[in-house]
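Summary of structural features
Listed here are the chains, written in short residue letters.
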Amino acid sequence: AHINLVGWVTHGLMGLAFIAWPQLATCRTAPFQVWIFGLSAPVFLVGLVFAVLREQPLMAIAGSFGVFTGVVMFALLALRALRASPTQVPTPAAAE
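Residues numbered from 1 in each chain as written. Predicted model: local features only at pLDDT ≥ 70, side-chain atom pairs only at ≥ 80, totals over all residues. Heavy atoms only, no water.

1. Re the overall build of the protein chain
Basically, it comes down to this: Strands are runs of DSSP state E lasting at least 2 residues, helices are runs of H or I lasting at least 4, and numbering of each runs from the N terminus. Burial here depends on accessible area, computed with a 1.4 Å probe over protein chains only, as a share of the maximum for the residue type. Under 20% is buried, over 50% is exposed, and the range in between is partly exposed. Note on definitions: a residue-residue contact is assigned when non-hydrogen atoms from the two residues lie within 4.5 Å. For every accessible area listed, the method is Shrake-Rupley and the probe measures 1.4 Å; residues are considered covered only by the protein chains on display.
Summing up its helical and strand segments, the protein chain has 3 helices and 0 strands in all. Listing each helix as α and each strand as β along the protein chain from the N terminus yields α-α-α. In the protein chain, which comprises 96 residues, the proportion classed as buried is 27%. Taking the contacts inside the protein chain whose residues are at least 6 apart along the sequence as the reference set, 67% of them involve residues at least 24 apart. When the accessible area of the protein chain is evaluated, it comes to approximately 6700 Å², of which 74% is carbon and sulfur surface.

Have a look at this one:
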């Protein structure tokens, strides 16, 4: 379940959000968010294997902190975009 959620669902939803609302990518921290989350997710997933098979959870713990940081950064980007235009929720780019 973790591999599917972190590996596919979260990456897909974040990617769709960046495509649908290009203003999310205009923030200076957006590239850092993408890199932190993108690099931490494989570390977390490989760490899960080590945690289960070899009882060494350190890699999974380190990866989970990176994944959490990436998700929090994405949430802050989304909130900042909403705060920039409080009367208007971001409209998907395809509808414009």
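2. A closer look at the environment of W21
Relative to the helices and strands, W21 is located in the loop between α1 (2-20) and α2 (30-53). Exposure remark for W21: the relative accessible area of 27% places this residue in the partly exposed category. Distance from W21 to A78, taken between C-alpha atoms, is 9.3 Å for residues 57 residues apart in sequence.

3. Here we look at unusual backbone geometry
One non-glycine residue with positive phi stands out, namely E55, at about 55°. With respect to the helices and strands, the residue E55 is situated in the loop between α2 and α3 (58-84). Here E55 falls in the exposed class, since its relative accessible area comes to 69%.

4. Overview of the confidence of the model for the protein chain
Let me state the cut-off plainly: A residue's pLDDT is the predictor's confidence in that residue, given on a scale from 0 to 100.
Here the protein chain averages 85 in pLDDT, while 85% of its residues score no lower than 70. Taken element by element, the protein chain is modelled with least confidence in α1, mean pLDDT 83, and with most confidence in α2, mean pLDDT 93.

5. Here's the deal with the packing of α2 against α3
Operational definition: Whenever a helix is involved, its axis is fitted only over the stretch in contact; in every case the axis is a line through C-alpha atoms, and angles between N-to-C directions fall within 0 to 180 degrees. We call two directions roughly parallel when the angle between them is under 35 degrees, roughly antiparallel when it is over 145, roughly perpendicular when it lies between 65 and 115, and oblique otherwise. Crossing chirality is assigned from the near helix's rotation relative to the far helix, an anticlockwise turn below a right angle marking it left-handed and a clockwise turn marking it right-handed. When residues are grouped by polarity, Ala, Val, Leu, Ile, Met, Phe, Trp, Tyr, Cys and Pro land in nonpolar, Asp, Glu, Lys and Arg in charged, and all others, Gly among them, in polar.
As a packed pair, α2 and α3 sit with axes 7 Å apart at the nearest point and diverge in direction by 150°. The angle between α2 and α3 falls in the class roughly antiparallel. Judged by the sense of rotation from one axis to the other, the crossing of α2 with α3 is left-handed. Split by residue class, the contact of α2 with α3 holds 18 nonpolar, 8 polar and no charged.

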